Amino acid sequence: MTLRWEAFLDRVQERGEYDTTEETERVARVVLALLGAHLVGQVRAGLAARLPEALALVLLNPLQAAEPLTPERFVRATAAWIEGATETTALWDIGAVLSTVADGAGDELMDRVLFQLPPGYDLLFGRPRAGHRP
């Protein structure tokens, strides 16, 4: 099921406790652009199909990554792309966006997404896996 633009942003805004829709949209675009660089093929296309069109395009046309980022480096990269962010606030931003993405994706697709990512991303999506305690 594809989330509508307003519904997606409302969920992210509520989870991230953002003051404005503009801030919410900016954070969502950065996180999804970075995530898109780490997913390929049908998994990226399947996840994009669950997002509002404008955000699906961000996921499908990602920033270029030379190598897969560990979760820690993903947090640092997010902080670098969001003006005024720290690693702590970036982790909050990532959680607000990726938990919303995970809710829309469902368990089967999330399993495939997490299979393509380095270990530890399950925590960024708010979906810790059994046996993967940090």
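Owing to the predicted nature of the structure, the values given are computational and were not obtained by experimental measurement.

Caption draft 1: Local environment of the overall build of the protein chain. Scanning the protein chain from terminus to terminus reveals eight helices and zero strands. Each helix and strand of the protein chain, ordered N terminal to C terminal, gives the series α-α-α-α-α-α-α-α. Since a compact globule built from 134 residues should have a radius of gyration of about 14 Å, the 13 Å found for the protein chain is in line with a globular shape. If one aligns the C-alpha atoms of the protein chain with their principal axes, the spans along those axes are about 35 × 30 × 30 Å. Relative to its full complement of 134 residues, the protein chain shows a buried share of 46%. Of the contacts formed within the protein chain by residues at least 6 apart in sequence, a portion of 66% connects residues at least 24 apart. Accessible area of the protein chain: about 7300 Å², with a carbon and sulfur share of 53%. Here the protein chain contributes 13 positively and 19 negatively charged side chains, and the mean placements of these two sets differ by 6 Å.

Caption draft 2: Seen up close, the packing of aromatic side chains. Scanning the entire structure with this criterion turns up one aromatic pair. Aromatic side chains Phe-74 and Tyr-121 sit 5.5 Å apart centroid to centroid with 70° between the ring planes, which places their arrangement in the edge-to-face category. With Phe-74 in helix 5 (residues 71–81) and Tyr-121 in helix 8 (residues 121–124), this residue pair connects regions lying 47 residues apart in the sequence. There is no split in this pair, since Phe-74 and Tyr-121 are both buried.

Caption draft 3: Up close: helix 3 (residues 41–49). Listing the buried residues of helix 3 in full gives Val-43, Arg-44, Leu-47 and Ala-48. On an axial view of helix 3, the arc spanned by its buried residues comes to 130°, and they lie on one face. Check the buried side of helix 3 and you find it contacts helix 2 (21–36), helix 4 (53–60), helix 6 (87–105) and helix 7 (107–116).

Caption draft 4: Spotlight on the packing of helix 2 against helix 5. Between helix 2 and helix 5, the least distance of the axes is 10 Å, while the angle of their chain directions is 135°. Between helix 2 and helix 5, the angle falls in the class oblique. At the point where helix 2 passes helix 5, the crossing takes the right-handed sense. Within the contact between the two elements, helix 2 uses Val-30, Val-31, Leu-34 and Leu-35 and helix 5 uses Phe-74, Ala-77, Thr-78 and Trp-81. A breakdown of the residues in the contact of helix 2 with helix 5 according to their chemical character gives seven nonpolar, one polar and no charged.

Caption draft 5: The arrangement of the confidence of the model for the protein chain in detail. Of all residues in the protein chain, 95% have pLDDT values of 70 or greater, and the mean over the chain is 92. Confidence, expressed as mean pLDDT per element, reaches its minimum in the protein chain at helix 4 with 94 and its maximum at helix 6 with 97.

Caption draft 6: Representation of the packing of helix 1 (residues 5–16) against helix 2 in the model. Axis separation between helix 1 and helix 2 bottoms out at 9 Å; the angle between their running directions is 95°. By the criterion of interaxial angle, the relationship of helix 1 to helix 2 is roughly perpendicular. The segment helix 1 lies against helix 2, with Trp-5, Phe-8, Leu-9, Val-12 and Gln-13 engaging Thr-21, Thr-24, Glu-25, Ala-28 and Arg-29. Grouping the amino acids of the contact of helix 1 with helix 2 by side-chain chemistry returns five nonpolar, three polar and two charged.

Definitions and cut-offs
- Residues numbered from 1 in each chain as written.
- Predicted model: local features only at pLDDT ≥ 70, side-chain atom pairs only at ≥ 80, totals over all residues.
- Heavy atoms only, no water.
- Helix = DSSP H or I, 4+ residues; strand = E, 2+ residues; numbered from the N terminus.
- Rg over C-alpha atoms; globule rule 2.2 N^0.38 Å.
- Buried < 20%, exposed > 50% of the residue type's maximum accessible area, 1.4 Å probe, protein only.
- Contact = heavy atoms within 4.5 Å.
- Areas by Shrake-Rupley, 256 points an atom, 1.4 Å probe, with all protein chains shown as cover.
- Lys, Arg positive; Asp, Glu negative; His and termini not counted.
- Charge placed at Lys NZ, Arg CZ, Asp CG, Glu CD.
- Phe/Tyr/Trp six-rings, centres within 6.5 Å; stacked < 30°, edge-to-face > 60°.
- Arc of directions from axis to C-beta.
- Axes fitted to C-alpha atoms, helices over the stretch in contact; angles between N-to-C directions.
- Parallel < 35°, antiparallel > 145°, perpendicular 65-115°, else oblique.
- Left-handed = near helix turned anticlockwise from the far one by under 90°.
- Nonpolar A, V, L, I, M, F, W, Y, C, P; charged D, E, K, R; others polar.
- pLDDT = per-residue confidence, 0-100.

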